[in-house]
Amino acid sequence: KKAEIWAPTQAVSVTTFAAAGVLKTSPQNIKVNTTFLGGGFGRRAQVDYIVDAVLLSKITKQPIKVVWTREDDVEGGAFKPNSAIHLDAAFDAKGKIEAWSHRTVSESPLKYFNPKLLGKKGEDILAMSGSEQLQYKISSQIADHVIQDNGTRLAPWRGIGHGPNKFASECFMDEIASSLKQDPAKFRVNSANNPRTKAVLKKVIEMAGWGKQKNGVAQGIAYSDYNGSHSAGVAEISLDRKSGKIKVEKYFIAIDAGLAILPENVLAQIEGGVIYGISAALTEKITHKKGFVEQSNFHDYEVMRMSDVPEISIEIIEGADRPSSVGELGLPTVAPAISNALFQLTGKRARNLPMTEDSVKELIRA
């Protein structure tokens, strides 16, 4: 009726109740020792591997260690939801945005992962985070979520909804600036309604030497808020037009996460988030065929190689007297900054992720 668990889990309470459920005992009889995660990113908020160990230990009456193979984890894990996003905006003769509409169509990760966390009307904060444009001067706006169930195993993903939603909205901000024949960086600064938003934008513009033309290299910019924090990123990219490979040469990011109590940890988290974001933006892709995942390991689910990691420059601005979110703050600006830089190089806008070599070749041929 008792169990002691050693596990790299992000969800100690869920682990406790899941183990108690398997053993039909009280949660007070479960002791959980949390080890280093080795990279969690939402995957370790699930407890399937822990339930495996508890069940096997109960059956064998022996201590059991469970390690999933890479193939099991890629094919049998859970995924962030697919999403399609539609945006509309209206602006006046001076270029001030007056109205904004954001619609996300996706499955609901919370409905699969933990329905108790859904809002009173079924709102999914994981899918919709980042959809509201709170830091730009916009008179009227609406953000809504159309839930489309596809039967996929789902879970949180680093950056949650901010990843896909900011990809769409920050690329759209570039399109608006382009249609108004305004510089996309200055347009964001002029559209910001928060001094902290303006501060990170101005800092990253300064860091990147924004606007300086370089042969074969283009810059793109993006901004994101996240749970009380702010970030602005500039990607410098080159493009091999023959292969379609985008290479991020440099990435500049300015962040304001309030009071930085452990600055070295802040830098490490932001750097990790940027690398995670580049990898997801350029190569990482899961496909299904007849209900089964087609990828199995790093040979066909490609993550960023060390040789492709760019020079990353980070500046920390302390804009508040208390700490705010850092762990996922580095990711949301990455994909839109890369896409916006690609537009500067090619005049074509990438509207899908990941921006794989084949998809980029198809884009620039169109």
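Summarised in this report is the structure supplied together with it. Bear in mind the structure is a predicted one, so any value in this text is a computation, not a measurement.

As for the layout of surface pockets
Volume-wise, the second largest pocket comes out at about 550 Å³. Lining the second largest pocket are 26 residues; nearest its centre among them are Met128, Ser129, Gly130, Ser131 and Glu132. Mapped onto the lining of the second largest pocket, the elements with two or more residues apiece are helix H5 (125–128), strand E5 (140–147), strand E6 (218–226) and strand E7 (229–240). Take the lining of the second largest pocket: its biggest share by element is six residues, from E5. Taken together, the residues of the lining of the second largest pocket break down into eight nonpolar, 12 polar and six charged.

Observations regarding the packing of helix H1 (residues 12–23) against helix H2 (residues 48–60)
Following both chains from N to C, one finds H1 and H2 inclined at 30°, their axes separated by 10 Å at the closest point. Taken together, H1 and H2 sit at an angle that is classed as roughly parallel. Between H1 and H2 lies a crossing whose hand is right-handed. Within the contact between the two elements, H1 uses Thr15, Ala18, Ala19, Val22 and Leu23 and H2 uses Ile50, Val51, Val54, Leu55 and Lys58. Looking at the contact of H1 with H2 residue by residue, the classes come out as eight nonpolar, one polar and one charged.

Here we look at unusual backbone geometry
A cis amide bond links Leu353 to the next residue, Pro354, at an omega of 0°. Mapped onto the secondary structure, Pro354 falls in the loop between helix H10 (334–346) and helix H11 (357–365). Of note, the phi angle at Phe41 is positive, near 55°, even though the residue is not glycine. With respect to the secondary-structure elements, Phe41 resides in the loop between strand E2 (30–34) and H2. The phi dihedral of Lys61 is positive, around 55°, even though this residue is not glycine. Mapping Lys61 onto the fold places it in the loop between H2 and helix H3 (70–76).

Remarks on the sheet that holds E5
Ordered in space as E3-E4-E5, the three strands form an open sheet in which the pairing is mixed. Both outer strands of the open sheet, strand E3 (83–91) and E5, are each paired with one neighbouring strand and no more. Taken pair by pair, the neighbouring strands of this sheet meet at an average axis angle of 10°, ignoring direction. Bridge analysis of E3 against strand E4 (residues 97–106) gives nine bridges, and the strand direction is antiparallel. In the sheet register, Ile85 faces E4, and the bridge partner there is Thr104. Along the sheet, helix H6 (residues 162–179) contacts E3 and E4; its crossing angle with E3, the most-contacted strand, is approximately 35°.

Notes on the packing of aromatic side chains
We describe a pair of aromatic rings using the distance from one ring centre to the other and the angle between the two ring planes. Taken as a whole, this structure holds four aromatic pairs when the rule is applied. A centroid spacing of 4.6 Å and a plane angle of 45° characterise the contact between Phe41 and Tyr276, whose relative ring orientation is tilted. Residue Phe41 is located in the loop between E2 and H2, and its partner Tyr276 is located in helix H9 (residues 263–282); the two are separated by 235 residues in the primary sequence. By relative accessible area, Phe41 is classed as partly exposed at 36%. Seen in terms of ring centroids, Tyr136 and Tyr223 are 5.9 Å apart; in terms of plane orientation they differ by 65°. Their pairing is edge-to-face. With Tyr136 in the loop between H5 and E5 and Tyr223 in strand E6, this residue pair connects regions lying 87 residues apart in the sequence. Exposure remark for Tyr136: the relative accessible area of 3% places this residue in the buried category. Relative accessible area serves as the criterion here: at 1%, Tyr223 is assigned to the buried category.

What counts as what
Residues numbered from 1 in each chain as written. Predicted model: local features only at pLDDT ≥ 70, side-chain atom pairs only at ≥ 80, totals over all residues. Heavy atoms only, no water. 1 Å grid on protein atoms, 1.4 Å probe; cavity = no way out; pocket = protein on both sides within 12 Å on 5 of 7 lines; lining within 4 Å. Points joined across faces, edges and corners; volume = space filled by probe spheres on them. Helix = DSSP H or I, 4+ residues; strand = E, 2+ residues; numbered from the N terminus. Nonpolar A, V, L, I, M, F, W, Y, C, P; charged D, E, K, R; others polar. Axes fitted to C-alpha atoms, helices over the stretch in contact; angles between N-to-C directions. Parallel < 35°, antiparallel > 145°, perpendicular 65-115°, else oblique. Left-handed = near helix turned anticlockwise from the far one by under 90°. Contact = heavy atoms within 4.5 Å. Pairing = 2+ DSSP bridges. Phe/Tyr/Trp six-rings, centres within 6.5 Å; stacked < 30°, edge-to-face > 60°. Buried < 20%, exposed > 50% of the residue type's maximum accessible area, 1.4 Å probe, protein only.

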